[in-house]
Amino acid sequence: MIHIIHRSAGRAAVAAALLAAGLAAAPAARGQETQAQEMQARDGLSEMAREALDLHNAYRARHGSPPLTWSPALAAQAAEWSTSCSYRHAPERGGAGETLAWGLTPQTLVRGAMAFFYDEIEAYDYARPGYSAATGHFTQVVWAATRQLGCGLSPCGGQPMLVCRYLPAGNRQGAFEANVPRPIR
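Right, let's walk through the structure included here.

Calculation rules
- Residues numbered from 1 in each chain as written.
- Predicted model: local features only at pLDDT ≥ 70, side-chain atom pairs only at ≥ 80, totals over all residues.
- Heavy atoms only, no water.
- Pairing = 2+ DSSP bridges.
- Helix = DSSP H or I, 4+ residues; strand = E, 2+ residues; numbered from the N terminus.
- Axes fitted to C-alpha atoms, helices over the stretch in contact; angles between N-to-C directions.
- Parallel < 35°, antiparallel > 145°, perpendicular 65-115°, else oblique.
- Left-handed = near helix turned anticlockwise from the far one by under 90°.
- Contact = heavy atoms within 4.5 Å.
- Nonpolar A, V, L, I, M, F, W, Y, C, P; charged D, E, K, R; others polar.
- Buried < 20%, exposed > 50% of the residue type's maximum accessible area, 1.4 Å probe, protein only.
- Phe/Tyr/Trp six-rings, centres within 6.5 Å; stacked < 30°, edge-to-face > 60°.
- Lys NZ or Arg CZ within 6 Å of the ring centre and 35° of its normal.
- Salt bridge = Lys/Arg side-chain N within 4 Å of Asp/Glu carboxyl O.

### With respect to the sheet that holds strand β1 (residues 69–70)
Turning to step 1, where the next piece is worked out: Across the sheet, which stays open at both edges, the four strands sit in the order β1-β3-β4-β2 with mixed pairing between neighbours. A strand with exactly one partner marks an edge of an open sheet, and here the two such strands are β1 and β2 (97–102).
Turning to step 2, where the next piece is worked out: Where β2 and strand β4 (residues 161–167) come together, six bridges link them in antiparallel fashion. Each bridged residue has a counterpart across the sheet, and for W102 the counterpart in β4 is M161.

### Observations concerning the packing of helix α3 (residues 47–61) against helix α5 (residues 109–119)
Turning to step 1, where the next piece is worked out: Interhelical geometry of α3 versus α5 gives an angle of 20 degrees and a closest axis separation of 10 Å. Between α3 and α5, the angle is such that the two are roughly parallel. Of the two possible hands of crossing, α3 and α5 adopt the one that is right-handed. In contact with M48, E51, A52, L55, H56 and Y59 of α3, α5 contributes V110, R111, M114, A115 and Y118.
Turning to step 2, where the next piece is worked out: Tallied by class, residues from the contact of α3 with α5 come to eight nonpolar, one polar and two charged.

### A short note on unusual backbone geometry
Turning to step 1, where the next piece is worked out: Between L167 and the following residue, P168, the backbone shows a cis peptide bond with an omega angle of -20 degrees.
Turning to step 2, where the next piece is worked out: Its place among the elements puts P168 in the loop between β4 and α7 (176–179).
Turning to step 3, where the next piece is worked out: At C156, a position not held by glycine, the phi torsion is positive, near 50 degrees.
Turning to step 4, where the next piece is worked out: With relative accessibility at 10%, the residue C156 sits in the buried group.

### Observations concerning the pairing of strand β3 (residues 148–154)
Turning to step 1, where the next piece is worked out: Counting buried residues along β3, six of its seven residues qualify, which places the element largely inside the surrounding structure.
Turning to step 2, where the next piece is worked out: Across two bridges, β1 lies against β3 in parallel orientation. For W70, the partnering residue across the bridge sits in β3 and is L149.
Turning to step 3, where the next piece is worked out: As judged from the seven bridges shared by β3 and β4, these two strands associate in the antiparallel manner. Each bridged residue has a counterpart across the sheet, and for C151 the counterpart in β4 is C164.

### Notes on the packing of aromatic side chains
Aromatic ring pairs are reported here in terms of the distance separating the ring centres and the angle at which the planes meet.
Turning to step 1, where the next piece is worked out: Inspection of the entire model under this criterion finds seven aromatic pairs.
Turning to step 2, where the next piece is worked out: When the centroid spacing of 5.5 Å and the interplanar angle of 75 degrees are considered together, the rings of Y118 and F138 count as edge-to-face. Linking Y118 in helix α5 with F138 in helix α6 (residues 136–142), this pair joins segments that are 20 residues apart in sequence. No difference in accessibility class separates Y118 from F138, as the two residues are buried.
Turning to step 3, where the next piece is worked out: For the pair Y124 and Y126, a centre-to-centre distance of 4.8 Å together with 80 degrees between the ring planes defines the contact as edge-to-face. No difference in accessibility class separates Y124 from Y126, as the two residues are buried.
Turning to step 4, where the next piece is worked out: Directly above the aromatic system of Y118 lies the positively charged group of R62, at a separation of 5.0 Å from the ring centroid.

### Considering the pattern of salt bridges
Charged atoms that come close allow side chains of opposite charge to pair.
Turning to step 1, where the next piece is worked out: Scanning the model with the defined rule gives four salt bridges in all.
Turning to step 2, where the next piece is worked out: Here R50 and D54 are joined by a salt bridge, their closest N and O atoms 3.4 Å apart. With R50 and D54 both in helix α3 and four residues apart, the pair spans about one turn of that helix.
Turning to step 3, where the next piece is worked out: Residue classification places R50 among the partly exposed residues on the basis of a relative accessible area of 30%.
Turning to step 4, where the next piece is worked out: E98 serves as the salt-bridge partner of R165, at 2.7 Å between the closest nitrogen and oxygen. Placement of the pair is R165 in strand β4 and E98 in strand β2, with a sequence separation of 67 residues. Both residues of the pair, R165 and E98, count as buried.

Put into structure tokens, the structure is as follows:
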């Protein structure tokens, strides 16, 4: 299920903010290779990638789930799908899990999306572990068996879109009890 995160921002303002943040090139020059390169910085991660990884790992730590590592391959795949500006899950993900968010400003999209995803914990029933469309983002974020993360961001005509991919994918039937631990802190 896709959850929409909406806050109004003018199309020109979003495009300008993405350009200023170094997260977008001129529309005609935007390509998969450019996006993958944008995910790299001196320490190997852009500001957006570092924020996504750090927030995922902070939420995972609350449950004792091991930290994720950044996957440039998953980031490239996520970036490619984000440029489609198709606000639905990709039909082919090579076995990867996926979360989507859009509608906040480029500067707040990662943090807002992560808070939104984690807030689904309120609807998760630890006494009856399993998949629910109301908690699927939360369970993917904390899924203990997941080890890698990669995210991509595109401007999408005024509705910036964030796509994150996960390997191994979470939300596997029969594996929730072992992979969605209760909070430990």
